[in-house]
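Here is how the chains run, residue by residue.
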Amino acid sequence: MTGQKYEYGIDFQRVDAIDIHTHVEVDCHGHRAYDDVLVEAVGKYFKRGPGELSTVDALAEEYRRHNTAAVVFTIDARTGMRHEPNSIEDLIAGAVRNNDVLIPFGSVDPWDGRRAVHRVRELVRDYGVKGFKFHPSFQAFEPNDRRFYPIYEAITEAGVPALFHTGQTGLGAGLPGGHRIKLRYSDPILLDDVAADFPELTIVMAHPAVPWVDAQIAVAAHKANVYVDLSGWSPKYFPPQLVAAIGRQLRTKVLFGTDYPYIRLERWRRDFESLDVDPEVLPLVFKQNALRVLGLA
Ligand SMILES: [Zn+2]
């Protein structure tokens, strides 16, 4: 074991909220999560200035200021994207430094076979990660393909949640061939199979899964072990059936998430509070549901 092991230093009574979805895009060696073409395209999609990449310490500082805890991750897509990601060890070291606000998730390249299974165990046992992030489109894999099931078995055994990107993506948007990124892999109905085959695995479907939001709502309502994170979109643009479900059948299944740095915390909160949802839902969305997903309730 080389890195430091993360342990919670968060006072969950005291924090106002838990953001279940934030990205670290660059590590201390300057390695970036995406290649140059993608960095530029994603910047345009979310209307960001050039050269603004999120670091783990800046992220922690911003969340500490807002008395909010944040799940942090990067994505290992070295096979799918033929690009080395920013260092997960560095991200975890940053989460250890900032363990009063940050919660590290791990990532494995699903195409790594048995090494990915080994890496899941190592990241939990030696580094203390609290969940795993997948991006089926970016990592170029069908999440319900049984060849990846040993990875989910290891995550289930570790007792931590798995968060999957669902729906369209800003990654590759506007590029020829979408930079070879296939949207179909992020259809939430594929996760219905995984949820059925792993009833003990907590699954988070990340983002309003446009254009498959109805399927997403159906899966989350049907499977007790499936949740939805509301990141990646300003709540102003949430599809109306999702807004209705947040106040009704999914009130214990929906999670506050920004997709930092692409959407910022103040804006998301402000836009969410202007939606027409039952105010009793707010503490569930901002904190209580996430505590259950993280196994802390
Ligand atoms: Zn994201």
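Remember, it's a predicted structure, so these values are computed and weren't measured experimentally.

Here we come to the packing of aromatic side chains. Tallying each qualifying case throughout the model produces 20 aromatic pairs. Between the aromatic rings of tyrosine 63 and tyrosine 260, the centroid separation amounts to 5.7 Å while the plane-to-plane angle is 80°, which identifies the pairing as edge-to-face. Taken as a pair, tyrosine 63 in helix H2 (residues 56-65) and tyrosine 260 in the loop between strand E8 (254-255) and helix H10 (265-273) lie far apart in primary sequence, 197 residues in all. Aromatic side chains tryptophan 268 and phenylalanine 286 sit 5.9 Å apart centroid to centroid with 90° between the ring planes, which places their arrangement in the edge-to-face category. Here the residue tryptophan 268 occupies a position in helix H10, and phenylalanine 286 occupies one in helix H11 (residues 282-293), the gap between them amounting to 18 residues. Aromatic rings pair up to connect Trp111, Phe134, Phe141, Phe148, Tyr149, Tyr152, Phe164 and Phe198 into one cluster. One residue, lysine 253, lies across the ring of tyrosine 227, its end atom 5.5 Å from the ring centre. Lying across the ring of phenylalanine 286, arginine 269 places its NZ or CZ 4.2 Å from the centre.

Attention shifts here to the sheet that holds strand E3 (residues 102-104). Here we have three strands laid out as an open sheet, ordered E1-E2-E3, and parallel in their pairing. A single partner strand is all that each edge strand has here, and the edge strands are strand E1 (17-23) and E3. Between one strand and the next, the sheet's axes are offset by a mean angle of 25°, whatever the strand orientation. Bridge count for E1 against strand E2 (residues 68-73) is five bridges, and the pairing is parallel. Bridging from a neighbouring strand, aspartate 19 pairs with alanine 70 of E2. Its contacts with the sheet place helix H4 (residues 88-97) against E2 and E3, and it is angled at close to 150° to E3.

A separate point is the coordination of the zinc ion. With distances of 2.0 to 2.2 Å, the protein atoms coordinating the zinc ion are His21 (NE2), His23 (NE2) and Asp259 (OD). Here the donor residues of the zinc ion are spaced in sequence according to H-x1-H-x235-D. Of the two residues, histidine 21 is situated in strand E1 and aspartate 259 in the loop between E8 and H10; the sequence distance between them amounts to 238 residues. Taken individually, histidine 21 and aspartate 259 each receive the classification buried, so the pair is uniform in this respect.

We now examine the nonpolar core. The biggest cluster of nonpolar side chains holds 88 residues, and the ones touching the most others in it are Ile103, Phe132, Phe134, Tyr152, Leu230, Ile246 and Phe272. Leaving out residues up to four positions away in the same chain, isoleucine 246 has contacts with Leu230, Phe238, Arg251, Val254, Phe272, Val277, Val281 and Val285.

Let us now look at the pattern of salt bridges. This structure, assessed with the given rule, holds 18 salt bridges. Between arginine 78 and aspartate 76 there is a salt bridge whose closest N-O contact spans 3.0 Å. On the basis of relative accessible area, arginine 78 is assigned to the partly exposed category, the value being 34%. According to the relative accessible area criterion, aspartate 76 is buried, its value standing at 6%. The network of salt bridges with shared partners includes Asp76, Arg78 and Glu84.

Of the positions making up helix H8 (residues 213-222), those classed as buried are Val213, Gln216, Ile217, Val219 and Ala220. Within H8, the buried residues cover an arc of 165° as seen down the axis, which keeps them to one side. Exposed residues on H8 whose side chains face more than 90 degrees from its buried face are Asp214 and His222. The inward-facing, buried residues of H8 contact helix H7 (189-197), strand E6 (203-206), strand E7 (226-229) and helix H9 (240-247).

Taken across its 10 residues, H4 has eight buried, putting it largely inside the fold. The complete set of buried residues in H4 reads Ile88, Asp90, Leu91, Ile92, Ala93, Gly94, Ala95 and Val96. Looking at the buried side of H4, the elements it contacts are H2, E2, E3 and helix H5 (114-125).

Two strands in a sheet stick together by hydrogen bonds in their backbones, pointing the same way (parallel) or opposite ways (antiparallel). Strand order in the open sheet formed by five strands is E4-E5-E6-E7-E8, with parallel pairing between adjacent strands. Strands at the two margins of the open sheet, each flanked by one partner only, are strand E4 (132-134) and E8. Alignment of E7 against E8, held across two bridges, turns out to be parallel. Of the residues in E8, the one forming a bridge with aspartate 229 is leucine 255. Helix-sheet contacts for H7 involve strand E5 (162-165), E6 and E7, and the interaxial angle to E6 is about 170°.

How each quantity is defined
- All chains use their own residue numbering, which begins from 1 and follows the written sequence.
- Note on the predicted model: pLDDT of at least 70 is required for a residue's local features to be given, and 80 or more for side-chain atom pairs to be given and counted; whole-chain, interface and lining totals, by contrast, use all residues.
- For the side-chain quantities, the full set of heavy atoms in the structure was used; hydrogens and water were omitted.
- Each Phe, Tyr or Trp ring (for Trp, its six-membered ring) is paired with any other whose centre lies within 6.5 Å, and the angle between the two planes then decides the class: stacked below 30 degrees, edge-to-face above 60, tilted in between.
- Think of it this way: any DSSP run of H or I at least four residues long counts as a helix, any run of E at least two long counts as a strand, and we number them from the N terminus.
- For a lysine, the NZ atom is tested; for an arginine, the CZ atom; a charge sits over a ring if that atom is within 6 Å of the ring centre and within 35 degrees of the ring normal.
- Strands pair, by our definition, only if DSSP identifies at least two bridges between them.
- Whenever a helix is involved, its axis is fitted only over the stretch in contact; in every case the axis is a line through C-alpha atoms, and angles between N-to-C directions fall within 0 to 180 degrees.
- The contact criterion used is simple: two residues touch if any of their non-hydrogen atoms lie within 4.5 Å.
- Shown as donors are all N, O and S atoms within 2.8 Å of a metal ion, widened to 3.2 Å for Na, K and Ca; because water is not in the atom set, sites may appear incomplete.
- Partly exposed residues are those whose accessible area sits between 20% and 50% of the maximum for their type, while under 20% is buried and over 50% is exposed, using a 1.4 Å probe and protein chains only.
- Take the buried residues of types Ala, Val, Leu, Ile, Met, Phe, Trp, Tyr and Cys, join any two whose side-chain atoms come within 4.5 Å, and each joined set is a nonpolar core.
- Think of a salt bridge as a Lys or Arg side-chain nitrogen and an Asp or Glu carboxyl oxygen that are within 4 Å of each other.
- In this context, the arc is that of the directions from the helix axis out to the C-beta atoms.

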